[in-house]
Amino acid sequence: MKKFRNILTLLCGILFIIEFSSCNRHKDSGSNYESEKSNDPISNIILDEIIPKKSPKVDKKPYLFGDVKLTPFSFNDLSGWDDGEYNFLLAKKSFLQLCKLAQSKKNMSVKNNLFYFGNSDDYLLLCSKILGLKTSNQIKEFLESYFTPFKVIESNQDSDIGVFTGYYRIELDGSLKKTNKYKYPVYKRPRELVNGEKYYTREQITNGALRNKGLEIVWLSDIVDAYLLHIQGTGIVKLQNGDKIYLSFDGKNGQEYYSVAQYAKDNGIMNQLEGLTFYDWIRKYPKRGQEVLNANKSFVFFKVSSNDNVIGSSGMKLIPFASMAVDSRYIPYGTMLWLSTSQTPYEKSGINAFFVAADTGADIRGQIRGDIYFGSGEEADYKAHHTKVNGSYYILM
């Protein structure tokens, strides 16, 4: 039998690749990664021989490539890692979504133009190891054994601080027919839309560019909710008969995103709110409000999902408080991250938690920028709207 080994190499500065010369021997294509029991006990026994545990010693040498720098750290240096507050079983739940993707897509790779962190075979071997772990401490020890944290630094400014926000699955009232109350359409993706190419702007679409083309999925009653659905990228529409329609992102018009709040500030509108919140002002004056919303030329199209699962741009199911939207130019989908932030209204010690990069968003741009998925419901709504904090994240590899 050939020897198995772990290899640390460089590609565009640095590549971390776990090489296995006979991975296919240990794949269990019939296993279910939602299960708590491994269908391949042999792989659990021999995995420690295949993937040697990492040494606790950390080389502090930073690695630079382009406008990203990675600096190795010890897990002991990570804020919140050892305080016992975080439940690492949530990390397992998110990790298993990566496992399911690796199982379903044999050519999957966690990579972008900067990094290559491994392929399906590499991750399936790790998946078979984590599958049988039952406690938070076991998951924590697994991560410590097989990974090293690297802090992400924006090299041009030599800064490790970025902005982290939240998003959620918005819940809306709607109708399958247009009425005087339900008059704001949600559109499905036009056939002629090409990814990366510019299509009609928000203003053009609002003024009727897609009218009478049979693209309306559902009609909403609230101008602000209709806009926020585009910002969140996913939603649940409750119909008058109690039925629900699950909406998922299905593309955008290729136009640049622009903050309407910034537009309102720059044009003095924030001084005209009459004591209302910005969005309530839009509701009170929908005609003027629509003009403000049209400043954001970006427009999102949706599709109807068959179930309650929210699927991110990566193809992975999103796990509340364990999945993050990132700028995939810098952080590849499937990357494991440890996030540490300043305090929030609901978390005085800040957010210290494990995430898998599983999604993206029009406003998520930059080396250190993330959007935390909080799920749906009142708590998710509150946390998403009250999360805008500075923080740092570490890539686990």
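Trainee: Help me out: how do you make sense of the side chain of Thr165 in this one?
Mentor: Following the sequence through the fold, Thr165 ends up in strand E8 (residues 162-175). Among the residues examined, Thr165 registers a relative accessible area of 13% and is labelled buried. Within the structure, Thr165 has its side chain in polar contact with the side chain of Arg369 (distance 3.0 Å). Beyond its immediate stretch of four places on either side in the chain, Thr165 contacts Ile364, Arg369, Gly370, Asp371, Ile372, Thr387 and Lys388.

Trainee: Just checking my understanding: could you explain the packing of helix H3 (residues 120-130) against helix H4 (residues 136-146) for this structure?
Mentor: The relative placement of two packed helices is expressed as an angle between their axes plus a distance between the axes. Two elements in contact, H3 and H4, have axes separated by 11 Å at closest approach and are oriented at 145 degrees. Where H3 crosses over H4, the two elements pack in a sense that is right-handed. Each of Leu126, Lys129 and Ile130 in H3 lies in contact with H4, whose residues at this interface are Ile139, Phe142 and Tyr146. Considered class by class, the residues forming the contact of H3 with H4 number five nonpolar, no polar and one charged.

Trainee: So what exactly am I meant to see when it comes to unusual backbone geometry here?
Mentor: In terms of backbone geometry, most residues other than glycine have negative phi values and most peptide bonds are trans. A positive phi angle, near 65 degrees, is found at Asn212, a position not held by glycine. A relative accessible area of 74% means that Asn212 is categorised as exposed. Non-glycine residue Phe321 carries a positive phi angle of around 60 degrees. Structurally, the position occupied by Phe321 is in the loop between strand E13 (300-305) and strand E14 (323-326). Residue class for Phe321 comes out partly exposed when judged on its relative accessible area of 24%.

Trainee: Explanation requested: helix H6 (residues 223-232) in the structure shown.
Mentor: The α-helix advances 3.6 residues per turn, and as a result positions three or four apart in sequence lie on the same side. Among the 10 residues that make up H6, eight are buried, leaving the element largely enclosed by the rest of the structure. For H6, every residue scored as buried is listed here: Ile223, Val224, Ala226, Tyr227, Leu228, Leu229, His230 and Gln232. Of the residues flanking the end of H6, it is Gly233, one or two places downstream, whose phi is positive at about 80 degrees.

Trainee: Is there a simple way to think about the packing of helix H2 (residues 88-104) against H4 in this case?
Mentor: Between H2 and H4, the least distance of the axes is 7 Å, while the angle of their chain directions is 65 degrees. As for the relative orientation of H2 and H4, their crossing is left-handed in sense. Counting all contacts with H2, which are made through Phe88, Leu89 and Lys92, the residues of H4 involved are Ser136, Ile139, Lys140 and Leu143. Looking at the contact of H2 with H4 residue by residue, the class counts come to four nonpolar, one polar and two charged.

Trainee: Where do I start with the pattern of salt bridges in this structure?
Mentor: Pairing between side chains of opposite charge can happen when their charged atoms approach one another. What the rule picks out here adds up to 12 salt bridges. Close ionic contact of Lys140 with Glu144 constitutes a salt bridge, the shortest N to O distance being 2.8 Å. Here Glu144 and Lys140 lie together in helix H4, a separation of four residues that amounts to about one turn. Given the relative accessible area of 25%, Glu144 is considered partly exposed. Across the pair Asp160 and Lys151 runs a salt bridge, and its minimum N-O distance is 2.9 Å. Since its relative accessible area comes to 12%, Lys151 is described here as buried.

Cut-off values and rules
Residues numbered from 1 in each chain as written. Predicted model: local features only at pLDDT ≥ 70, side-chain atom pairs only at ≥ 80, totals over all residues. Heavy atoms only, no water. Helix = DSSP H or I, 4+ residues; strand = E, 2+ residues; numbered from the N terminus. Buried < 20%, exposed > 50% of the residue type's maximum accessible area, 1.4 Å probe, protein only. Polar contact = N/O pair within 3.5 Å; in protein donor to acceptor, adjacent residues only side chain to side chain. Contact = heavy atoms within 4.5 Å. Axes fitted to C-alpha atoms, helices over the stretch in contact; angles between N-to-C directions. Left-handed = near helix turned anticlockwise from the far one by under 90°. Nonpolar A, V, L, I, M, F, W, Y, C, P; charged D, E, K, R; others polar. Salt bridge = Lys/Arg side-chain N within 4 Å of Asp/Glu carboxyl O.

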